[in-house]
Amino acid sequence: MINGFTYLPRQDGNSNGNIGQHTIEVSLDKVTWTLVANATYDDDDSLKETGFPSVQTRYIRITGITEAGNRGPWSSAAEFNINLAPTSTTLGQWGPVIAFPLVPAGASCFMVLERSSLLFL
């Protein structure tokens with residue numbers, strides 16, 4: 001599951017090839033592609049981010065339609081990355097209620113402190 005894409009233009013001070021208008025598509029089989037973004041990046045060397053709703057995919061394709069500065073029909077990049085979408089995980093489960101003769105507020109605080117101290121060791 002992914003929910004975004006980042007593009008870092010070349011970092012050598014030359015802006016030739018900065019991607020301008022572009023599309024981002026995803027696929028599970030490299031045959032059927034689904035458009036998830038159609039946007040335009042600014043013509044500078046900052047990190048570009050494109051977010052979209054979480055989607056399950058195996059392949060991702062970015063197509064540069066224009067060069068950001070209209071300097072020519074080419075594209076360049078320093079890095080491409082994807083953003084992994086958060087997935088739901090089961091971290092534990094609730095069990096049956098335990099009856100105590102007293103309210104165990106102190107025991108609960110002690111357990112939290114004990115647990116916290118263990119995390120920092």
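Above this note sits the structure.
Not measured: the values here are computed from a predicted model.

A. Geometry of the side chain of Asn18. As for its position among the elements, Asn18 is in the loop between β1 (2–8) and β2 (21–27). Within the structure, the side chain of Asn18 is placed 3.0 Å from the side chain of Asp43, a separation counted as a polar contact. Other than its neighbours up to four places away in sequence, Asn18 contacts Tyr7, Pro9, Arg10, Asp43, Asp44, Thr66, Glu67, Ala68, Arg71 and Ser76.

B. Here's a closer look at the sheet that holds strand β6 (residues 79–84). Here 3 strands make up an open sheet; going across it, the order is β4-β1-β6 and the pairing antiparallel. Whereas interior strands pair on both sides, the edge strands pair on one side only; in this sheet they are β4 (48–55) and β6. The average angle at which neighbouring strand axes cross in this sheet is 20°, direction not considered. Of the pairings in the sheet, the one linking β1 to β4 comprises 5 bridges and is antiparallel in character. Looking at β4, one finds that Thr6 is bridged to Glu49.

C. Just the pairing of strand β3 (residues 34–40), in detail. Pairing of β2 with β3, which is carried by 6 bridges, proceeds in the antiparallel orientation. The residue of β3 that forms the bridge with Thr23 is Asn38. Here β2 folds back onto β3, and the loop between the two strands holds 6 residues, one of which, Lys30, carries a positive phi near 65°.

D. Examining the pattern of salt bridges more closely. Summed over the entire model, instances satisfying the criterion amount to 5 salt bridges. Between Glu25 and Arg61 there is a salt bridge, with the nearest N and O atoms lying 3.1 Å from each other. Highlighted residues: Glu25 in strand β2 and Arg61 in strand β5 (residues 59–64), separated in sequence by 36 residues. Classification of Glu25 as buried rests on a relative accessible area of 16%. Since its relative accessible area comes to 31%, Arg61 is described here as partly exposed. Within this structure, Asp43, Glu67 and Arg71 form a network of salt bridges that share partners.

E. The arrangement of the nonpolar core in detail. Core analysis: the biggest nonpolar cluster contains 10 residues, these being Ile2, Phe5, Tyr7, Ile19, Ile24, Val26, Ala37, Tyr41, Phe52 and Val55. For this core, the elements supplying multiple residues, two or more each, are β1, β2 and β4. Discounting residues that sit within four places of it in the chain, Ile2 has contacts with Val26, Phe52, Pro53, Ser54, Val55, Thr57, Ile60, Ile82, Asn83, Leu84 and Ala85.

F. Main features of the packing of aromatic side chains. Inspection of every chain in the model, using the stated rule, returns 3 aromatic pairs. When the ring of Phe5 is compared with that of Phe80, the centres are 5.6 Å apart and the planes differ by 35°; the resulting orientation is tilted. Of the two residues, Phe5 is situated in strand β1 and Phe80 in strand β6; the sequence distance between them amounts to 75 residues. Ring centres 5.4 Å apart and planes at 25° place the aromatic pair Tyr7 and Tyr41 in the stacked group. A residue pair is termed long-range when its members are at least 10 positions apart, and Tyr7 in strand β1 and Tyr41 in the loop between β3 and β4 qualify at 34 residues. Each member of the pair, Tyr7 as well as Tyr41, carries the same accessibility label: buried. Three or more aromatic residues joined by ring pairs form one cluster here, namely Phe5, Tyr7, Tyr41 and Phe80.

Criteria and thresholds
Residues numbered from 1 in each chain as written. Predicted model: local features only at pLDDT ≥ 70, side-chain atom pairs only at ≥ 80, totals over all residues. Heavy atoms only, no water. Helix = DSSP H or I, 4+ residues; strand = E, 2+ residues; numbered from the N terminus. Polar contact = N/O pair within 3.5 Å; in protein donor to acceptor, adjacent residues only side chain to side chain. Contact = heavy atoms within 4.5 Å. Pairing = 2+ DSSP bridges. Axes fitted to C-alpha atoms, helices over the stretch in contact; angles between N-to-C directions. Salt bridge = Lys/Arg side-chain N within 4 Å of Asp/Glu carboxyl O. Buried < 20%, exposed > 50% of the residue type's maximum accessible area, 1.4 Å probe, protein only. Core = buried A, V, L, I, M, F, W, Y, C linked by side-chain atoms within 4.5 Å. Phe/Tyr/Trp six-rings, centres within 6.5 Å; stacked < 30°, edge-to-face > 60°.

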